[in-house]
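# Observations on chain architecture
Listed below, chain by chain, are the residues.
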2 protein chains.
Amino acid sequence: MSMENFLLEEFLPYKLVRTAEHIANSFAELYETEFGITRPEWQIIANLGVQKNIIARELSELIRLDKVKISRTLAVLEEKKLIIKSPVEGDLRATQLSLSASGHELYQRLVPKALEWENHMLDGLTGTQYRDLCRILDILYKRTPNQK
Amino acid sequence: MSMENFLLEEFLPYKLVRTAEHIANSFAELYETEFGITRPEWQIIANLGVQKNIIARELSELIRLDKVKISRTLAVLEEKKLIIKSPVEGDLRATQLSLSASGHELYQRLVPKALEWENHMLDGLTGTQYRDLCRILDILYKRTPNQK
DNA sequence: AAAATATAGTTACATATGAAACAAATTAAT
DNA sequence: ATTAATTTGTTTCATATGTAACTATATTTT
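### Considerations on the packing of helix α1 (residues 12-34) of chain A against helix α1 (residues 12-34) of chain B
A pair of packed helices can be characterised by two numbers: the angle between their axes and the separation between those axes. Closest axis-to-axis distance for the α1(A)/α1(B) pair is 8 Å, and the angle between their directions is 145°. Judged by the sense of rotation from one axis to the other, the crossing of α1(A) with α1(B) is left-handed. Across the interface between the two elements, L12(A), P13(A), L16(A), V17(A), T19(A), A20(A), I23(A), A24(A) and F27(A) of α1(A) pack against L12(B), P13(B), L16(B), V17(B), T19(B), A20(B), I23(B), A24(B) and F27(B) of α1(B). Residues that form the contact of α1(A) with α1(B) fall into these classes: 16 nonpolar, 2 polar and no charged.

Quick look at the structure:
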């Protein structure tokens, strides 16, 4: 590709980000409008639904969100009575996190909707295409130079 | 996939966003550290390098960035003497945008580096895989429900 | 052609964000 | 065993952000 016809639209990082944002924004409508939660809230609930007995720092590493944002989002989720913070035995600094009854109930209602939404998207792809996509994303991820 | 083993990591929007951000952050190091510009600055320069005689609103639509952000970034780029704002004949509200000499010079140094960076990434894929990726991203984009 | 609407771009304001400072607890080093 | 260094999570503060209000101009309606 020559310099004169460099097109941002076709440039890998831009194209990927644009598609990913488009898809993420669309999915966001589900948890925002139907469940009244934000993206970090959804991410935390989705994790706590599976990974039990986790502390804030681990959550921060898992979802790659800085600890300030995690701390603030956890405060909101606690305020909304969707999670419970409990002490970790043997470490008075950390707080164990878990879904409350209503948090778990929200999780149980949300996950099938999320999977349904995902299935609608994936129905546009053949099984091969889906596997190709996963493999290609994986290759690109690993190939990324000097990652932050 | 049952509800008990729902994994955020494998969920399409999350996986795509995570890969895209990883790649975009890596590329950001190039324009940030080597050229001292931010993401919106890079996007604007990349567009002005190709699309001449464009006004701020058109830029806003092209790179899908709200007009406030565009306005502020253009102010910075003008301050840095990388762009020139000129009047549009027949419409005193709009401002025509173009790269200054040094803006164009930066563009000419940056684009080959960007393409080199992209080529390194794409060298990990076969030609078929690259075409597959483009086609799949396209399908997913079009299939996205109720896009914002 | 005057009045009403719409558009381009900037500014003001209220909120979101993240780096750095912090308090409290834990672990490592001497 | 003290001291020093590290870790966990929160708070502070300065900056970034986006909505809404705004100014100026253009277009449409009556």
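### Digging into the interface of chain A and chain B
On the chain B side, the residues contacting the 50 residues of chain A number 50 residues. Counting only elements with at least two residues in the side of chain A that touches chain B, the list comes to α1, α2 (39-50), α5 (101-122) and α6 (127-143) of chain A. Sorting elements by how many residues they give to the side of chain A that touches chain B places α1(A) first, with 14 residues.

### Observations regarding the sheet that holds strand β2 (residues 83-88) of chain B
Pairing within the open sheet is antiparallel, and its 3 strands lie in the order β1-β3-β2 (chain B). At either end of the open sheet lies a strand with only one pairing partner, and these are β1 (54-55) and β2 of chain B.

### Brief notes about the sheet that holds strand β2 (residues 83-88) of chain A
Paired through their backbone hydrogen bonds, the strands of a sheet run either parallel or antiparallel. Residue and element names in this part refer to chain A. Spatially, β1-β3-β2 is the arrangement adopted by the 3 strands of the open sheet, whose pairing is antiparallel. Every other strand in the sheet has two partners, leaving β1 (54-55) and β2 as the edge strands with one partner each. Two elements, β2 and strand β3 (residues 91-99), share 6 bridges in a ladder whose sense is antiparallel. Residue pairing for β3: K85 is matched across the bridge by L97.

### Here's the deal with unusual backbone geometry
Negative phi values dominate among residues other than glycine, just as trans dominates among peptide bonds. In this structure, N53(A) takes a positive phi of about 50° despite not being glycine. Considering the arrangement of structural elements, one finds N53(A) in the loop between α2 and β1. A positive phi is found at K81(B), a non-glycine position, where the angle reads about 60°. Judged by local crowding, K81(B) falls into the exposed class, with 11 C-beta atoms found within 10 Å.

Reading the values: rules and limits
Residues numbered from 1 in each chain as written. Chains lettered and ligands numbered in written order. Predicted model: local features only at pLDDT ≥ 70, side-chain atom pairs only at ≥ 80, totals over all residues. Axes fitted to C-alpha atoms, helices over the stretch in contact; angles between N-to-C directions. Helix = DSSP H or I, 4+ residues; strand = E, 2+ residues; numbered from the N terminus. Left-handed = near helix turned anticlockwise from the far one by under 90°. Contact = placed C-beta atoms within 7 Å. Nonpolar A, V, L, I, M, F, W, Y, C, P; charged D, E, K, R; others polar. Pairing = 2+ DSSP bridges. Buried ≥ 20, exposed ≤ 12 C-beta atoms within 10 Å, placed from the backbone.

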